[in-house]
Amino acid sequence: MTTFSVALTVVLAIAMLGAAVLAITGRSLPIAILAAGLVSLFASVLFLLLASPDVAMTEAAIGSGLTTFLFFFILGRVRGGENG
Amino acid sequence: MVRRFAALLLILALGAVFLPLFLAYHPDTSLNPTALYYAERTAQDLGAANIVTAIVVTYRGLDTLGEVTVLFLSAAIVGLVLARDRLTPRPHTRVPAGELLTTGSRLLAPLIMLLGVYIFSNGHLTPGGGFQGGAVIASGVLLLLLADPERRFGHRIIGFIESLSGVAYVLIGLAGLYYAGGFLDNRILPTGQVGQLFSAGAIPLIYSLIGLKVGSEFSSILADLSETEEL
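Every value quoted in this text rests on a predicted model; they were computed, and no experiment measured them.

(A) Representation of the overall build of chain A. Broken down by element type, chain A carries three helices and zero strands. Each helix (α) and strand (β) of chain A, taken in turn from the N terminus, gives the series α-α-α. Computed over C-alpha atoms, the radius of gyration of chain A comes to 15 Å, more than 25% over the 12 Å expected from 2.2 N^0.38 for 84 residues, which places it beyond the range of a compact globule. Along the longest, intermediate and shortest principal axes, the C-alpha atoms of chain A span 55 × 25 × 10 Å. Every one of the 84 residues in chain A was classed for burial, and the buried ones make up 27%. Across chain A, contacts joining residues at least 24 apart in sequence account for 54% of those joining residues at least 6 apart.

As structure tokens, then:
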């Protein structure tokens, strides 16, 4: 690994941890869901840097794509139930 | 206070479990014997350019069949749990999607689905395959559902595609038992030249079936969720 990719890996890892903390401690649910999706997105870039594009694609498509939208879907449902 | 202390203790214990693993980690300078076998033999034995796909579909094909079965079971359970709410339809009072989303989805949804088909039909050549392609197709379906929450997908068609690809997947596996080396052996078809679209024997066929199966399972979960009345 070159110095540049090591530096990029470290930056991504720190950003991932930051997003994870935001997802746990954030007060607003939509922001927590987005932060959880961001963790997956950073993870998929990290997988790509570690030379495993297959895993990166799965993580990007399922982890940060479908799961995030699924959470929003359910959030909308739960809120509708609370109000109605 | 006690709960926080317990949680902290749990985290420390977990750290203590993982610490030896972390300290004992030394990156390998060469491939281990199993990886070396896959790296050297995949191209000449199976004709697949993407080693990961060869492992997922052929060397460890039975595991993949199990994974697809687990996914099928979860989709079936979601359908079963949500089916009761569908029996009593109530009038919808949902806010329609914005103009931007509606117009954008018309342009993007076919392209997203095409990308999904491309990913799983080229699984033996480029990174990605059935699971990734299926998830991409399902996100195309999700976009359509977001743009028009009233849209209804034919459950009969989704179920038909899902079961047809599942049965065909098992049948191809059984054909491998008779015509080649074993269950899910890809050499029932000629392996061809490495790097060509029609190569690697039955791998493109199997991965396309997996892609269709995964895509229809995810789509049916999303459609079930969308069609359920608000609880």
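Alright, that's what it looks like, and here's the rest.
(B) Highlighting the nonpolar core. Ranked by size, the top nonpolar core spans 30 residues in total, and within it Leu66(A), Tyr169(B), Ile206(B), Ile210(B), Val214(B), Phe218(B) and Leu222(B) carry the most contacts. Counting residues per element, the ones that place at least two in this core are helix H3 (53-83) of chain A together with helix H3 (51-59), helix H4 (61-83), helix H6 (130-147), helix H7 (155-179) and helix H8 (203-227) of chain B. Ranked by residue count, the leading element in this core is H8(B), at eight residues. Those residues in contact with Tyr169(B), other than ones at most four positions away along the chain, are Gly61(B), Thr64(B), Leu65(B), Val68(B), Leu184(B), Ile206(B), Leu209(B) and Ile210(B). Phe73(A), Ala75(B), Ile221(B) and Leu225(B) belong to the second largest nonpolar core, which has five residues in total.

(C) Here's a closer look at the packing of H4(B) against H8(B). All names here are of chain B. Put simply, H4 and H8 touch, their axes get as near as 9 Å, and they point 20° apart. Taken as axis vectors, H4 and H8 run roughly parallel relative to one another. With respect to the hand of their crossing, H4 and H8 are arranged in left-handed fashion. Residues Thr64, Val68, Leu71, Phe72, Ala75, Val78, Gly79 and Leu82 of H4 pack against Ile210, Lys213, Val214, Glu217, Phe218, Ser220, Ile221, Asp224 and Leu225 of H8. Per-class residue counts for the contact of H4 with H8 are 11 nonpolar, three polar and three charged.

(D) Representation of the pattern of salt bridges within the structure. Residues and elements named next belong to chain B. One pass over the full model with this rule turns up two salt bridges over all chains. Here glutamate 162 ties to lysine 213 by a salt bridge, and the two come within 2.5 Å at their closest N and O atoms. Linking glutamate 162 in helix H7 with lysine 213 in helix H8, this pair joins segments that are 51 residues apart in sequence. In this structure lysine 213 comes out as buried when scored by relative accessible area, which is 9%. Here glutamate 217 ties to lysine 213 by a salt bridge, and the two come within 3.4 Å at their closest N and O atoms.

(E) Main features of the interface of chain A and chain B. With 13 residues of chain A at the contact, the number on the chain B side is 20 residues. Across the interface of chain A and chain B, roughly 1500 Å² is buried in total on both sides, 76% from carbon and sulfur atoms. If you look at where chain A meets chain B, you find zero salt bridges. Looking at the side of chain A that touches chain B, its residues break down into nine nonpolar, two polar and two charged.

Rules behind the numbers
- Every chain is numbered on its own, with residues counted from 1 as its sequence reads.
- Here the convention is simple: chains get letters from A, ligands get numbers from 1, in the order in which they are written.
- For a predicted model such as this one, the threshold for reporting local features is a pLDDT of at least 70, and the threshold for listing and counting side-chain atom pairs is 80 or more; totals across whole chains, interfaces and linings nevertheless cover every residue.
- Hydrogen atoms and water are omitted, and side-chain values are computed over all heavy atoms in the structure.
- We count a stretch as a helix when DSSP gives it H or I for four or more residues in a row; a strand needs E for two or more, and each element gets its number in order from the N terminus.
- Computation of the radius of gyration draws on C-alpha atoms alone. For the globule rule, the value is 2.2 Å times the number of residues to the power 0.38.
- The rule is simple: take the accessible area with a 1.4 Å probe, protein chains only, and divide by the maximum for that residue type; under 20% is buried, over 50% is exposed, in between is partly exposed.
- Whether two residues touch is decided by their heavy atoms; if any such pair falls within 4.5 Å, the residues are in contact.
- Think of a nonpolar core as a cluster: buried Ala, Val, Leu, Ile, Met, Phe, Trp, Tyr and Cys residues, connected wherever their side-chain atoms sit within 4.5 Å.
- Throughout, an axis means a line fitted to C-alpha atoms (over the contacting stretch in the case of helices), and angles, computed between N-to-C directions, take values from 0 to 180 degrees.
- Working rule for angles: under 35 degrees goes down as roughly parallel, over 145 as roughly antiparallel, 65 to 115 as roughly perpendicular, anything else as oblique.
- Should the near helix be turned anticlockwise from the far one by less than a right angle, the crossing is termed left-handed; should it be turned clockwise, right-handed.
- Each residue gets one of three labels, nonpolar for Ala, Val, Leu, Ile, Met, Phe, Trp, Tyr, Cys and Pro, charged for Asp, Glu, Lys and Arg, and polar for the others, Gly among them.
- Here, a salt bridge means any Lys or Arg side-chain nitrogen found within 4 Å of an Asp or Glu carboxyl oxygen.
- Defined in terms of a 1.4 Å probe, buried area is the accessible area two parts forfeit on being brought together, summed over both.

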